[in-house]
Structures are given as C-alpha cells and as structure tokens.
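Residues per chain, in single letters:
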Amino acid sequence: MSAPLVLGLAGFGTVGTGLVRVLDQSSAALMSRAGRPIRIKSILVRDPSRPRAAALPPGTALTTCPEDLTDDAEVDVVVELMGGIDAPRKLIARALANGRHVVTANKALLAESGNELFALAAARGLHLGFEASVCGGIPVVQTLREGLAANRVQELVGILNGTSNYILTEMSSGGMPFRAALARAQELGYAEADPTLDVEGADAAHKLILLIRLAWGLDFPFSALPVHGISGVEAEDIRYARQLGCRIKLLGYARLLHGQDFGMEAGVAPHLVHEACLMAGVNGAYNALRIQGDVAGPVFLHGRGAGALPTGSAVAADILAIARNALPNNTGFVRAPVRAVPAAQSVSPWYIRLRVSDSVGVLRDVAAIMAANGISIAQIIQQDGGDGGAGVPLVVMTHKAGADGVRTALRQLASAPMVHRPPVCFPVLPLFPPGQREAPEKE
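So, here's what we can say about the structure. In this convention, every chain numbers its residues from 1, walking through the sequence in written order. Local features in this predicted model are restricted to residues of pLDDT 70 or higher, and side-chain atom pairs are both shown and tallied only at a pLDDT of 80 or more, whereas totals for entire chains, interfaces and linings draw on every residue. Just so you know, side-chain values use all the structure's heavy atoms and leave hydrogens and water out.

## Re the overall build of the protein
And then number 1: Where helices and strands are cited, they refer to DSSP runs of H or I of at least four residues and of E of at least two residues respectively, numbered from the N terminus. A tally of regular secondary structure across the protein gives 14 helices and 18 strands.
And then number 2: Only the C-alpha atoms count toward the radius of gyration. The rule for a globule is 2.2 Å times the residue count to the power 0.38. On C-alpha atoms alone, the protein measures out to a radius of gyration of 24 Å, which is about the 22 Å that the 2.2 N^0.38 rule sets for 443 residues.
And then number 3: Based on the C-alpha atoms only, the size of the protein along its principal axes is roughly 80 × 50 × 40 Å.
And then number 4: Type-normalised accessible area, obtained with a 1.4 Å probe on protein chains alone, sets the label of each residue: buried when under 20%, exposed when over 50%, and partly exposed for intermediate values. A burial count over the protein gives 53% of its 443 residues as buried.
And then number 5: Here, two residues are considered to be in contact whenever any of their heavy atoms come within 4.5 Å of each other. Looking at the protein alone, contacts between residues at least 24 apart form 73% of all its contacts between residues at least 6 apart.
And then number 6: Carbon together with sulfur atoms contributes 52% to the accessible area of the protein, which is approximately 18,800 Å² in total.
And then number 7: Charge counting follows a simple rule: Lys and Arg are positive, Asp and Glu are negative, and His as well as the terminal groups are ignored. By convention, charge coordinates are those of NZ in Lys, CZ in Arg, CG in Asp, or CD in Glu. With 39 positive and 39 negative side-chain charges, the protein shows a spacing of 2 Å between the two charge centroids. The protein chains shown are the only cover counted for residues, whose accessible areas, like all others here, come from Shrake-Rupley with a 1.4 Å probe.

## Some details on the pattern of salt bridges
And then number 1: Whenever Lys or Arg places a side-chain nitrogen within 4 Å of a carboxyl oxygen from Asp or Glu, that contact is recorded as a salt bridge. Under the counting rule described, the total for this entry stands at 18 salt bridges.
And then number 2: The network of salt bridges with shared partners includes Glu234, Glu236, Asp237, Arg353 and Arg355.

## Quick look at the sheet that holds strand E1 (residues 5-10)
And then number 1: The criterion for strand pairing is that DSSP finds at least two bridges linking the strands in question. The strand order across the open sheet formed by six strands is E3-E2-E1-E4-E5-E6, and the pairing between neighbours is parallel. Because the sheet does not close on itself, it has two edges, and the strands there are strand E3 (61-63) and strand E6 (128-129).
And then number 2: With four bridges joining them, strand E4 (residues 77-80) and strand E5 (residues 101-104) adopt parallel strand pairing. Each residue of the ladder has a partner; that of valine 79, found in E5, is valine 103.

## Examining the packing of helix H7 (residues 162-173) against helix H8 (residues 178-187)
And then number 1: As a packed pair, H7 and H8 sit with axes 9 Å apart at the nearest point and diverge in direction by 130 degrees. The angle between H7 and H8 falls in the class oblique. Considering the relative orientation of H7 and H8, their crossing is right-handed. Contacts from Tyr166, Ile167, Glu170 and Met171 in H7 reach Phe178, Ala181, Leu182, Arg184 and Ala185 in H8.
And then number 2: By the convention adopted, Pro, Cys, Tyr, Trp, Phe, Met, Ile, Leu, Val and Ala count as nonpolar, Lys, Arg, Asp and Glu as charged, and the other residues, Gly among them, as polar. Here the contact of H7 with H8 is built from residues that sort into seven nonpolar, no polar and two charged. As a rule, the C-alpha atoms of each element are fitted with a line to give its axis, helices using only the stretch in contact, and angles between N-to-C directions run from 0 to 180 degrees. In these notes the angle categories are as follows: under 35 degrees is roughly parallel, over 145 is roughly antiparallel, 65 to 115 is roughly perpendicular, and the rest is oblique. By convention, the crossing between two helices is left-handed when the near helix turns anticlockwise from the far helix through less than a right angle, and right-handed when the turn is clockwise.

## Focus on the side chain of arginine 290
And then number 1: Relative to the helices and strands, arginine 290 is located in strand E10 (residues 286-293).
And then number 2: At 3.0 Å, the side chain of arginine 290 and the side chain of glutamate 155 are in polar contact. For the purposes of these results, a polar contact is taken to be a pair of N or O atoms within 3.5 Å, where, inside protein, one atom must be able to donate a hydrogen and its partner to accept one; residues adjacent in sequence count only when each atom of the pair is a side-chain atom.

## Comments concerning the nonpolar core
And then number 1: Counting 78 residues, the largest nonpolar core has Trp216 and Leu272 as the members making the most contacts within it.
And then number 2: The element best represented in this core is helix H10 (residues 202-216), accounting for 10 residues.
And then number 3: Residues in contact with leucine 272, not counting those within four places in the same chain, are Ala241, Leu244, Cys246, Arg247, Ile248, Tyr351, Met397, Phe426, Pro427, Val428 and Leu429.
And then number 4: Definition used in this section: a nonpolar core is a set of buried Ala, Val, Leu, Ile, Met, Phe, Trp, Tyr and Cys residues joined via side-chain atoms within 4.5 Å. Judged by nonpolar contacts, the second largest core, of 27 residues, contains Leu30, Ala34, Ala54 and Val103.

## Details of the packing of aromatic side chains
Any pair of aromatic rings gets described here by the distance separating the centres and the angle formed by the planes.
And then number 1: Ring pairs are drawn from Phe, Tyr and Trp, using the six-membered ring of Trp, whenever the two centres fall within 6.5 Å, and their geometry is named by plane angle: stacked under 30 degrees, edge-to-face over 60, tilted for the rest. Inspection of the entire model under this criterion finds three aromatic pairs.
And then number 2: Measuring from ring centre to ring centre gives 4.9 Å for tyrosine 166 and tyrosine 190, while their planes differ by 55 degrees; the resulting arrangement is tilted. Taken together, the positions of tyrosine 166 in helix H7 and tyrosine 190 in the loop between H8 and helix H9 (196-199) put the pair 24 residues apart, joining distant regions of the chain.
And then number 3: On the accessibility criterion, tyrosine 166 (8% relative accessible area) is buried.
And then number 4: The class of tyrosine 190 is partly exposed, set by a relative accessible area of 39%.
And then number 5: Ring geometry for tyrosine 351 versus phenylalanine 426: centroids 5.8 Å apart, planes at 5 degrees, classification stacked. Highlighted residues: tyrosine 351 in strand E14 (residues 350-356) and phenylalanine 426 in strand E18 (residues 424-429), separated in sequence by 75 residues.
And then number 6: The ring of tyrosine 240 carries arginine 239 above its face, with NZ or CZ at 5.2 Å from the centroid. When the NZ atom of lysine or the CZ atom of arginine is within 6 Å of a ring's centre and also within 35 degrees of its normal, the charge is said to sit over that ring.

## Re the pairing of strand E16 (residues 392-398)
And then number 1: Taking burial as the measure, the seven residues of E16 include seven buried ones, the bulk of the element.
And then number 2: Side chains Val392, Leu394, Val396 and Thr398 of E16 all project onto a buried face; the interleaved residues Pro393, Val395 and Met397 project onto the opposite face, where all are buried too.
And then number 3: Sheet topology note: the E14/E16 ladder contains six bridges and is antiparallel. Within the sheet, the bridge partner assigned to leucine 354 lies in E16 and is leucine 394.
And then number 4: Two elements, strand E15 (residues 377-382) and E16, share five bridges in a ladder whose sense is antiparallel.

## Notes on the side chain of serine 164
And then number 1: One can find serine 164 in helix H7.
And then number 2: Overall, the relative accessible area of 0% leaves serine 164 in the buried class.
And then number 3: If sequence neighbours within four positions are ignored, serine 164 has contacts with Asp198, Val199, Ile230 and Leu250.

All we've got here are geometric facts, nothing functional implied.
As structure tokens, then:
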C-alpha cells in the first residue's frame, strides 16, 4: 500500500467539520479510488477549547500555529477552510512556497487575489484546488476544466447564491416581502446576521470571477464586474414578472460577443427568467449553472450550493485528485483567449417599472424617451393603482437594447415630471441560449 496522503487542515468550522465527516464516512471509497489512505495530521484553530461539531480524527492534533501546517515536512496538502482574506492569503502563499499542495474553498480570496496564487502554484508545479469555492457540492470546476475542455464556451449563466435564491423563492411562492423573507432565511441559517455579501450580489460575483477564469482563461478584474443585488426587488416586481410568465432570479452571467475579436460581457443582477427555462424552477437554497458549449450544446448543473457535507464533498474531490498524483491543471488554461467588454456595451431585453402620472400623453412621452435612446418596446402592462398622488404603475418590456442607452433613458425618465419614483430595471434572460433556437428548455 502506498504511503498515506497527509493533510494539514486550517479551519474547523462548518466546512472543516464537514470535510472531517466526509473523510470518515467515505474512507473506504476514497481508499479504493486513490490507492492510499488520507490522514489529517494537524488542524489549525483559533481556540482549541471550543466544542466542535465533529470528533477529532484519531492521531490528529489541534494547533494555533500556522507553521505547523505550512512548514511541516510530513504535510503533503494544506487545506484552507478558515475564511477571510489576509490570513488565508499568507497561509496559502507560504504553503505553496514550501512545496505544499493547497485546496481551498475561499472564493473571495481567489476572486480578488487569485492571479498571484495561481501563478505561484504554476511556477512550483503544485495543485491549487478550489472545487468547493463555486456552488458547493456541484462539480462545476471539474466540468468546465475537464468535461467541457474540448468546447469553446459560448455562455454561462447561473444561480450562484443560495441565500438570495431562497429569499426570492419565498417572495414568489409564499408572498413574503423582502424583509420577512430575509428574516426567515436568517432563522434557518441560510443568511448571516449581516447578509450584505449575499443579498447585494458580492458572493455570487466572487464565484462568477472563478467561473470566467475556468471557462475562458480570462482574469476578469473583480472591480470591473457590474454587481446588483436583490434588495431592490419589491413584491410588485414579483407580481408583474408572473403576469409576464417569468420568475425573478439573481443570476451571474458571462457570454462571448462575436465581432472582429472575441470579447466577453459579464455581471451579476436580478433577471426576469421565462418559466419555460429550467433556471426558473430552481427554488429554495439551491444553486444551478447553465453552460453553453459550441459542440456539446447546453449543459445544466443543479444541486446544493452550500452546507457542511456538500462543500466537504467538493473539498474531498480535490484532495482525491492530489492523492492520485494527477498532474496540476488548476485553471485549465495557459493563456487568456478573450478580453473583457465594458458593461455599458452589453445587450439584453429589459424589464422597466415606473410610477407615472395618470394623465393623457404619459405613455407617448415615455415611449419617446425610449425611442430617442434606441429602445424598442415589446410589451406594456398598465394598471390602475394610484395611491394619493404617487402615480400609477407602468411596466415596460423591451426588445434587446444596449445597456448604455437603457441607463441614459432611465436617467431621463427619473428626471421627467410625469415619473414619480426612480425607475426599477432588471435585464431579462433570453429564453434560448446561444446556438439553441429550436425549442424551449421544457417540453
């Protein structure tokens, strides 16, 4: 039997205890796949006296010293599950510099500082595994890096944050207002006490940066990614979306634009998703990703995006690859073949909700502003609903229009005397992905 693969684990919280449980429950299966046992030698914690949700594995020691992981010659792999940015960056960099493979679930760190760490791993010929960083237990990284390696990905779009998806599901199916749905998510443990990263889209944006790197080899600057969360989604938007045959979902998206050279647009925002799309049926705290390959066509992945055991399963998959002595293939690319396109150049259909005066000529004036900015109206919903001088609701669905023109029109509408409140605007996910025009996703 081959020598065991020795791990140094940083972090013994939710994901760390999940990994320990997975390695214990699946030890026989992992042994049969790797041909060698996997053993945790040391676990880095802040407080060794704190109670844990999993028993300490036999022969494993708790430590408060990072060097017990990064500088121990017996440790083959440092597994970083501690969270945060600065301390994990130092830990991972030191581990790689000392010739240790690394596995991490730290999406924020890799999204904001991944370039230097991936470069260091490549220079040393080491693994930097991060399957657990995107969509928890769903095998997204392996699918993009290996399963679809022969494809030029045309588009990827996904529900990348379970907390936001749970809140929108409760608003849609349960009729809850945003604040009540958020409170319920916090009660169930889906949302943190400070839910900002989830509901304002930053968590999904971190994951999207990693997906872009995997799908196209492009180091998209996190600061350049347009990000909009769900805190502005109101009950009436949910209602109007239903009237239009849609659901509202927080989506991360990235797609190629074909022209003289390949460019790519990307972002995170609430979208209207037609109910015929599989994505519209992804509810609760689940994640999903639709990948459109040029030869494989559409691939749809769906599952639990967080939680101790699903995320621990993804961490174990990276550890298994190292145990098998697989060659490092951390990002799947040796060069970046596409360029980032400014968000202002993106094109989409749009949902626009206004509160306007209940008077003759308003619809004409709204249409004139849109036409002046190159926006064609596809559908209008106009209903009674005045409330003491606050105007009546007017919902406009547009044909495809450029984001720059839409933003200009929104500014002009916001300052127009017949508009009583700032406009609400969401992009609409096209019913068919690129290359698929024959039939809707549900039959």
